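Results of the structural survey
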Number of protein chains: 2
Amino acid sequence: MQHAVIMAGGSGTRFWPQSRRTRPKQLLPLAGPQTMIQDTFARVAPWTEPARTWVVTNAAQAEETRRQLPDLPPGNVLVEPCGRNTAPCIGLAAVRIVAEDPQATMLVLPADHVIQPADVFRQAVERAAAIVERDPDALVLFGVRPNSPATGFGYIERGAPLGEPSENAFQVAAFREKPGRETAETYVASGRFYWNCGIFVWRAERILAALAEHEPAIHERLTVLRGAVGRSDWQAVLDSEFPQMKSISIDYAVLERARGVAVLEAPFEWDDVGSWQALVRLLGRDAEGNTLDGPFCGVNARGCIVRSTDAEHLIAAAGVEDLIIVHTPDATLVARRDDERGLRALIEQLAASGYDRFL
Amino acid sequence: MQHAVIMAGGSGTRFWPQSRRTRPKQLLPLAGPQTMIQDTFARVAPWTEPARTWVVTNAAQAEETRRQLPDLPPGNVLVEPCGRNTAPCIGLAAVRIVAEDPQATMLVLPADHVIQPADVFRQAVERAAAIVERDPDALVLFGVRPNSPATGFGYIERGAPLGEPSENAFQVAAFREKPGRETAETYVASGRFYWNCGIFVWRAERILAALAEHEPAIHERLTVLRGAVGRSDWQAVLDSEFPQMKSISIDYAVLERARGVAVLEAPFEWDDVGSWQALVRLLGRDAEGNTLDGPFCGVNARGCIVRSTDAEHLIAAAGVEDLIIVHTPDATLVARRDDERGLRALIEQLAASGYDRFL
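Attention here is on the structure that accompanies the text. (Residues numbered from 1 in each chain as written. Chains lettered and ligands numbered in written order. Predicted model: local features only at pLDDT ≥ 70, side-chain atom pairs only at ≥ 80, totals over all residues. Heavy atoms only, no water.)

1. Thoughts on the overall build of chain A
As a reminder of what qualifies: Working definition: helices are DSSP H or I runs of at least four residues, strands are E runs of at least two. Numbering for both runs from the N terminus. The size measure is the radius of gyration over C-alpha atoms, and the globule rule it meets is 2.2 Å times the number of residues to the 0.38 power. Note on classification: 1.4 Å probe, protein chains only; a residue is buried when its accessible area is under 20% of the maximum for its type, exposed when over 50%, partly exposed between these limits. Whether two residues touch is decided by their heavy atoms; if any such pair falls within 4.5 Å, the residues are in contact. Using a 1.4 Å probe, the Shrake-Rupley method yields the accessible areas, and only the shown protein chains count as cover for residues. This count recognises Lys and Arg as positive and Asp and Glu as negative, with His and chain-terminal groups excluded. Every charge is mapped to an atom, namely NZ of Lys, CZ of Arg, CG of Asp or CD of Glu.
In terms of regular secondary structure, chain A is built from 11 helices and 17 strands. The globule rule puts the C-alpha radius of gyration for 359 residues at 21 Å, and the 21 Å found for chain A is close to it. The C-alpha extent of chain A, read off along each of the three principal axes, is 60 × 50 × 35 Å. Considering chain A as a whole, with its 359 residues, one finds that 55% of them fall into the buried category. Sequence separation of at least 24 residues holds for 65% of the intrachain contacts in chain A that already meet a minimum separation of 6. Carbon and sulfur atoms provide 47% of the accessible area of chain A, an area that totals close to 14,800 Å². Positive and negative side-chain charges of chain A, numbering 37 and 46 respectively, have mean locations separated by a distance of 2 Å.

2. Remarks on the relation of the copies chain B and chain A
The criterion, for reference: Copies overlap after least-squares fitting; the atoms used are the C-alpha atoms of residues with pLDDT of at least 70 in both.
The two copies are related by a screw operation: chain B maps onto chain A through 179° of rotation and 0.1 Å of translation along the axis, at an RMSD of 0.1 Å. Both copies of the chain, as the preceding transformation shows, are related through a two-fold rotation axis. Interface overlap between copies: 100% of the residues of chain B at the interface are likewise at the interface in chain A, consistent with a symmetric, same-surface contact.

3. What to know about the interface of chain B and chain A
Counted only if it meets this: When two parts are put together, the accessible area they lose, computed with a 1.4 Å probe and summed over both, is reported as buried area. Any Lys or Arg side-chain nitrogen located within 4 Å of an Asp or Glu carboxyl oxygen qualifies as a salt bridge. We call two N or O atoms a polar contact when they sit within 3.5 Å, provided that within protein one can donate a hydrogen and the other can accept it, with sequence-adjacent residues counted only if both atoms are side-chain atoms.
The partner chain A presents 38 residues to the 38 residues of chain B that form the contact. Both sides of the chain B and chain A interface together cover about 2,700 Å² of buried area, and 66% of this is carbon and sulfur. On the surface where chain B and chain A come into contact, there are 0 salt bridges. On the surface where chain B and chain A come into contact, there are 19 residue pairs in polar contact (both at pLDDT 80 or more).

4. Some thoughts on the packing of aromatic side chains
Threshold: Aromatic pairing here means that ring centres of Phe, Tyr or Trp (its six-membered ring) are within 6.5 Å. Orientation follows from the plane angle: under 30 degrees is stacked, over 60 is edge-to-face, and everything else is tilted. Counted as over-ring charges are cases with an Arg CZ or a Lys NZ within 6 Å of the ring centre that also lie within 35 degrees of the ring normal.
A full pass over the atoms with the stated rule returns 22 aromatic pairs over all chains. One cation-aromatic arrangement involves Arg158(A) over Phe170(A); the distance from NZ or CZ to the ring centre is 4.2 Å.

5. Overview of the pairing of strand β8 (residues 169-176) of chain B
Residue and element names in this part refer to chain B. The following threshold applies: A pair of strands is treated as paired once DSSP finds two or more bridges between them.
In terms of strand pairing, strand β7 (residues 155-161) meets β8 through 5 bridges, oriented antiparallel. Looking at the pairing, Tyr155 lines up with Arg176 of β8. The pairing of β8 with strand β10 (residues 261-265) spans 3 bridges and is classified as antiparallel. Pairing of Gln171 across the sheet is with Ala262, part of β10.

6. Some remarks on the side chain of Thr48(B)
All names here are of chain B. With respect to the helices and strands, Thr48 occurs in the loop between α1 (36-44) and β2 (53-58). Owing to a relative accessible area of 5%, Thr48 belongs among the buried residues under this scheme. Among the polar contacts made by the side chain of Thr48, one reaches the main-chain carbonyl oxygen of Gln2 at a distance of 2.5 Å. Contact partners of Thr48, with chain neighbours within four places excluded, come to Gln2, His3, Ala4 and Thr53.

7. A few points about empty space enclosed by the protein
Residue and element names in this part refer to chain A. So the rule is basically this: With a 1 Å grid spanning the protein atoms alone, the term cavity applies to any set of points in which a 1.4 Å probe fits but cannot get out, the term pocket to an open set with protein on both sides within 12 Å along at least five of seven lines, and the term lining residue to any residue with an atom within 4 Å of a point. Grid points are joined across faces, edges and corners, and a volume is the space filled by probe spheres set on the points. Charged residues are taken to be Asp, Glu, Lys and Arg, nonpolar residues to be Ala, Val, Leu, Ile, Met, Phe, Trp, Tyr, Cys and Pro, and polar residues to be all remaining types, Gly included.
Tallying each qualifying case throughout the model produces 1 cavity of 30 Å³ or more. Reported here for the largest cavity is a volume of approximately 110 Å³. What lines the largest cavity is a set of 14 residues, and nearest its centre among them are Arg14, Ser275, Trp276, Glu340 and Leu343. When residues of the lining of the largest cavity are traced back to their parent elements, those giving at least two are β17 (331-336) and α11 (340-352). In terms of residues, the lining of the largest cavity owes the most to one element, α11, which gives 4 residues. For the lining of the largest cavity, the residue count by class is 5 nonpolar, 3 polar and 6 charged.

8. Section: the pattern of salt bridges
Using the criterion set out here, one finds 40 salt bridges over all chains in the structure. Across the salt bridge formed by Arg21(B) and Asp356(B), the nearest N and O atoms sit 3.3 Å from each other. With Arg21(B) in the loop between β1 (2-7) and α1 and Asp356(B) in the segment after α11 (340-352), this pair connects stretches of sequence that are 335 residues apart. For Arg21(B), a relative accessible area of 47% puts it in the partly exposed group. Between Asp112(B) and Lys25(B) there is a salt bridge whose closest N-O contact spans 3.4 Å. Separated by 87 residues along the polypeptide, Asp112(B) in the loop between β4 (105-110) and β5 (114-116) and Lys25(B) in the loop between β1 and α1 bring together distant segments of the chain. The same class applies to Asp112(B) and to Lys25(B), which are both buried. Connected via shared salt-bridge partners are Arg23(A), Glu64(A) and Arg67(A).

9. Some thoughts on helix α2 (residues 59-68) of chain B
Residue and element names in this part refer to chain B. Within the span of α2, buried status applies to Gln61, Ala62, Glu64, Thr65 and Gln68. Against α1, β2 and β3 (77-80) lie the buried residues of α2. Between the side-chain oxygen at the start of α2 and the backbone nitrogen of Ala60 there is a gap of 3.2 Å, and the oxygen is on Asn58.

10. Some words on the environment of Leu323(B)
Examined against the element boundaries, Leu323(B) turns out to sit in strand β16 (residues 323-327). Its relative accessible area of 2% is what places Leu323(B) among the buried residues. Leu323(B) sits 13 residues away from Arg336(B) along the chain, and the two C-alpha atoms are 4.6 Å apart. Setting aside chain neighbours within four positions, we find Leu323(B) in contact with Val320(A), Leu323(A), Val334(A), Gly303(B), Cys304(B), Ile305(B), Val334(B), Ala335(B), Arg336(B) and Arg337(B).

11. Regarding the state of the cysteines
Filter applied, for reference: Any cysteine sulfur atom paired with another within 2.5 Å is treated as part of a disulfide.
Counted according to the given criterion, the structure contains 0 disulfides over all chains. Looking at the unpaired Cys297(B), the closest cysteine sulfur is the one in Cys304(B), lying at 13 Å.

12. Things to note about the packing of helix α6 (residues 204-214) of chain B against helix α7 (residues 216-228) of chain B
All names here are of chain B. Filter applied, for reference: All axes here are fitted lines through C-alpha atoms, helices being fitted over the stretch that makes contact, and every angle between N-to-C directions spans 0 to 180 degrees. Any angle that is under 35 degrees is reported as roughly parallel, and any over 145 degrees as roughly antiparallel; angles of 65 to 115 degrees are reported as roughly perpendicular and all others as oblique.
Their axes nearest at 6 Å, the elements α6 and α7 cross at an angle of 135°. By the angle between their directions, the pair α6 and α7 is classed as oblique. Across the interface between the two elements, Glu205, Leu208, Leu211, Ala212, Glu213 and His214 of α6 pack against Pro216, His219, Leu222 and Arg226 of α7. Grouping the amino acids of the contact of α6 with α7 by side-chain chemistry returns 5 nonpolar, 2 polar and 3 charged.

13. Description of the environment of Trp47(A)
Residue and element names in this part refer to chain A. You can see Trp47 is positioned in the loop between α1 (36-44) and β2 (53-58). We classify Trp47 as buried; its relative accessible area is 5%. Counting along the chain gives 60 residues from Trp47 to Leu107, while the straight-line C-alpha distance between them is 9.3 Å. The residues contacting Trp47, other than those within four sequence positions of it, are Gln2, His3, Thr105, Leu107, Val125, Glu126 and Ala129.

14. What about the sheet that holds strand β13 (residues 296-299) of chain B?
The mixed open sheet is built from 6 strands, whose spatial order is β12(A)-β14(A)-β16(A)-β17(A)-β15(B)-β13(B). Two strands in the sheet have a free side with no partner beyond their single neighbour: β12 (291-293) of chain A together with β13 of chain B. Averaged over neighbouring strand pairs, the angle between their axes works out to 5° when direction is ignored. Relative to β17(A), strand β16 (residues 323-327) of chain A runs antiparallel, the two sharing 5 bridges. Residue Val326(A) lies in a different strand from β17(A), and its bridge partner there is Leu333(A). Along the sheet face, α11(A) touches β17 of chain A together with β13 and β15 (314-318) of chain B and points at about 140° away from the line of β13(B).

15. Quick word on the pairing of β15(B)
For β15(B), the buried fraction is high: 5 of the 5 residues fall into the buried class. Of the two faces of β15(B), the one holding Leu314(B), Ala316(B) and Ala318(B) and the one holding Ile315(B) and Ala317(B) are both buried throughout. Bridge analysis of β17(A) against β15(B) gives 5 bridges, and the strand direction is parallel. Paired with Val334(A) across the two strands is Ala317(B), which belongs to β15(B). Here 4 bridges tie β13(B) to β15(B), and the two strands are oriented parallel to one another. Bridge pairing in β15(B) links Val299(B) to Ala318(B).

See below:
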């Protein structure tokens with residue numbers, strides 16, 4: 001049967017002050033009226049039903065996650081005792097799923113990306129599932145054709161085609177870590193590289209077998225967990241086993257080592273919404289080059305990204321350029337829009353200045 | 001007896017978004033925990049009692065003015081039916097005062113200036129009153145020794161000394177309108193010019209007589225008003241007479257024409273708090289050159305004027321310079337700090353953009 005696993009453990013600070021520790025990016029309405037996890041839940045709904053949709057998150061966000069997804073069975077929210085990167089996260093979901101559906105195929109995707117249009121995404125997932133149907137050992141990744149030499153993503157180099165050329169499915173020739181600008185430019189120019197967008201399709205038993213082969217210590221603990229599914233001591237076993245797993249991404253743990261890894265060119269539009277700059281791509285610009293979300297009035301204000309999270313709170317600007325201005329009920333940010341390092345430093349400064357409660 | 005008249009009809013927009021139509025500058029706590037009119041009321045308290053303190057304001061602000069000054073008899077708030085500049089304002093106060101105290105001496109001062117220290121101000125007012133005591137026809141102004149060639153003030157040129165040189169009292173040789181920068185520089189260099197700070201001491205009957213001489217049409221209506229003080233039709237008479245008076249400042253109407261005008265050098269510190277820039281003078285700067293009032297956290301933020309009117313609302317800034325950032329519960333301003341013209345244009349834009357309710 002078809003299952004979907006939504007990875008929702010993120011806790012970044014790149015959308016401060018809108019994002020907070022207890023309300024990270026995926027629980028915010030960054031790109032429309034719904035929150036990103038609500039959009040993600042809706043995105044997988046045509047592919048599988050809520051009973052076979054799983055969300056992996058952490059204790060601080062579990063309650064809000066369940067609140068935002070009223071159609072999801074509460075028990076399908078899997079709560080990690082601590083963050084251990086994507087390999088243990090996916091392993092946890094896989095053991096939970098195989099316990100009731102040994103033949104399960106898993107779609108794995110992050111909760112905080114923008115993907116459009118919905119039907120193109122669904123068709124793409126079905127094509128990936130068809131590959132897994134043909135070859136039960138296949139580990140299928142989606143690769144996004146880069147539209148710029150971005151240095152913030154890992155790249156996938158494609159190899160020989162799988163099946164018909166029109167399928168745009170390939171063996172993976174190599175994984176490339178986040179490159180420098182010049183290297184990224186050669187990747188883009190070659191036409192053979194994709195961004196790794198962290199969306200996967202495989203059989204649940206297959207990913208567990210791959211973990212057994214490449215990360216046996218993790219797999220050993222997953223096996224203990226697997227034995228506890230449905231038992232009254234499940235939570236206690238999870239709390240004792242999970243924190244002892246190595247913190248490692250599924251890419252390092254499995255994909256860069258395993259045989260049978262395939263990349264399917266993503267036919268959908270994809271945006272990881274990695275910073276406030278993403279709003280420019282998602283919302284566009286007005287005649288003054290401003291990207292606006294919320295009540296705004298400007299005079300000689302250009303190239304600004306302006307967000308007011310309160311539809312009744314006005315932001316007004318005069319004679320300013322290239323700023324990010326974000327208003328939330330208890331904190332306002334004003335920053336240079338190209339200064340992501342400055343924003344990170346500001347977050348550190350907040351903690352150091354006794355403003356921890358605003359994080 | 002000694003009376004004080006606080007002119008509180010201002011309705012500027014230079015402190016938007018903190019100032020609003022119904023809450024202009026004098027009703028705001030711009031320079032400390034109390035509002036400016038509360039500070040002004042406290043400033044005159046050592047000189048006269050609340051029963052002889054008068055506030056002239058307008059209908060939109062009367063209620064809040066009375067609320068902020070609980071020790072002031074409510075009837076001592078005189079409500080202008082419309083704005084007619086300072087000559088009718090002072091004339092209205094004078095007729096109200098002489099009705100019960102024909103020998104009254106009036107101190108007249110704006111509600112929205114910062115004056116310090118309090119005891120020096122009180123002594124200065126007593127010296128001005130002593131001049132009026134010696135010469136019942138005297139019209140005494142305070143002149144502020146300029147510390148910069150400001151072009152936003154009228155200047156007073158002093159003439160022959162009155163009394164001992166140590167008294168720093170002079171005949172007024174001439175009034176000079178707001179000068180250009182070069183002229184202002186010659187004024188400052190000469191040592192003979194003062195800023196006209198709009199603070200006056202005179203006998204109530206004397207200013208009425210001067211109005212009779214120089215603005216007989218205004219005086220005629222004031223005489224009608226004078227006859228109605230204490231009568232049941234006072235309000236009706238005020239509503240019919242006041243709007244018909246010429247709108248003119250006391251400077252143009254009387255001071256530039258009358259004999260016996262004296263200037264007393266102000267021994268106190270004075271600031272008209274004319275724009276957000278004034279906060280820099282009043283509150284100082286921190287090591288990064290920022291002027292802060294409210295919770296703030298900055299990284300590479302320099303030369304900014306930052307105000308949060310809510311002690312629980314944090315303003316955070318990264319990589320920005322020379323901005324004004326003002327947060328109020330329903331509106332936030334971000335503007336270049338040296339761009340007062342831009343702020344005026346923004347106010348006009350607000351009205352034109354359907355954001356009138358924020359003014």
